[in-house]
Amino acid sequence: MSCPLRDDFLRDGFILLRGGIPLPLLEELRSGLAPILAHRGLGRIGTLRHQTILEPSSYHPSFKEFLDLPRLNRAAAAVIDSTDIAFAGLGVLIGSADHRVCRWHRDFKDGYPELPALLKRHHADFIQFNCALYDDLSLWVVPGSHRRASTPGESAFSARFDVVGFNGTYEQARAIDPDPLSGMPGAINVVLAAGDCVLYNPLLWHAAEYRPEWIRTTLHGGWRKTEMMYAFEAMRWGLEHNPWLLEPSYLGDAGTFLGPQLARYAEAVRHFHPELTAPAHATG
Ligand SMILES: O=C(O)CCC(=O)C(=O)O
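The following refers to the structure shown. The written sequence of each chain sets the order in which its residues are numbered from 1. It should be noted that, the model being predicted, local features are given only for residues of pLDDT at least 70 and side-chain atom pairs only at 80 or more, the latter also being counted only at that level, while totals for whole chains, interfaces and linings use all residues.

### Observations regarding the overall build of the protein
Here's step 1: Secondary structure counts use DSSP, requiring at least four H or I residues in a row for a helix and at least two E residues in a row for a strand, with both numbered from the N terminus. In terms of helices and strands, the protein carries 10 helices and 11 strands.
Here's step 2: Here the protein has a C-alpha radius of gyration of 18 Å; the compact-globule value for 284 residues is 19 Å, and the two agree.
Here's step 3: Looking at the protein residue by residue over its 284 residues, the buried ones come to 41%.
Here's step 4: Note that contacts rest on C-beta atoms placed from the backbone: two residues are in contact if these are within 7 Å. Partitioning the intrachain contacts of the protein with sequence separation of at least 6 by distance along the chain shows that 87% fall at a separation of at least 24. Using C-alpha atoms as the atom set, the radius of gyration is obtained and then compared with a globule rule of 2.2 Å times the number of residues to the power 0.38. Every C-beta atom is placed from the backbone, and the number of other C-beta atoms within 10 Å of a residue's own sets its class: buried at 20 or more, exposed at 12 or fewer, partly exposed in between.

As structure tokens, then:
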């Protein structure tokens, strides 16, 4: 039977869940993240993102509640067409104190050995999400680019920014093209209001703009079909980022959706990263 969420994701490489985060939780998440955001631009948190907010020193109970939201999890299972899915990380995208551009890219570049197979057959086996706690206009995508090789236009446009690097200043990017985001063939801006989520395939061509006047606080994580972690290296990206989740008792009851997803994640970490099972890592 056809499922509209999956059909849309297969066709476009992304779906929008308007109001995916209920308002009371949105407020709890904002307060839970305030200590992290206070460090924006400073020390190890730096700018742009904090990759691992579930680590015990930054954990807040609202993060678990968010990851266990039924609507989000049912959407993920519908897209992947399976409930056998695993947790794939949780971070927060925090924008930048100066005007910057995250260049156009796929998370796995042209030339990456698994890319042709992933582009051919695995259009909805892994999902990345951006869930906005404040209105967020940062992300740009090229719809449908997750199911085909790059076009010459995409490759050529992206390559022009090689000299700038992954995150360059807007000035550097604009010196190369007056429209470093909208200039990509087929590009659209993903407009998220506070509480909205976009679920997308990380193989979509995507890019982002960070403006200092935007208060960006956007949760960033995802899910993977469990069996795919054992089949493709690409589906194991970041497995090693959350060693504290090998001992998840600090979360309490992880919940109906998150609990099994974390167990599958931990099993894969033990399989692929046995070095992380040492107690020093497990206690954070
Ligand atoms: O800031 C963003 O939304 C883009 C994130 C991104 O490009 C990535 O995680 O690969």
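### Observations regarding the sheet that holds strand β10 (residues 206-210)
Here's step 1: Taking strand neighbours across the sheet as the criterion, the 5 strands line up as β7-β4-β10-β6-β8 in an open arrangement whose pairing is antiparallel. Only two strands of the sheet have a single neighbouring strand rather than two, namely β7 (167-169) and β8 (188-189).
Here's step 2: When DSSP finds two or more bridges between two strands, those strands count as paired. In the sheet, strand β4 (residues 100-105) pairs with β7 via 3 bridges, with the strands oriented antiparallel. Paired with Cys102 across the two strands is Asn167, which belongs to β7.

### Quick look at helix α2 (residues 23-37)
Here's step 1: Multiplying 1.5 Å by the helix residue count minus one yields the expected span of that helix. If you check α2, its first and last C-alpha atoms are 20 Å apart, about what 15 residues at 1.5 Å a residue would give, namely 21 Å.
Here's step 2: Throughout, bend refers to the angle between the axes fitted to the seven residues that end at a position and the seven residues that start at it. At Ser31, α2 shows its largest kink, close to 25°, and the proline Pro35 lies no more than four residues downstream.
Here's step 3: Of all the residues in α2, the buried ones are Leu29, Gly32 and Leu33.
Here's step 4: Among the structural elements, α3 (61-67) and β3 (85-95) are those in contact with the buried residues of α2.

Scope: geometric values only; no functional claims are made or implied.
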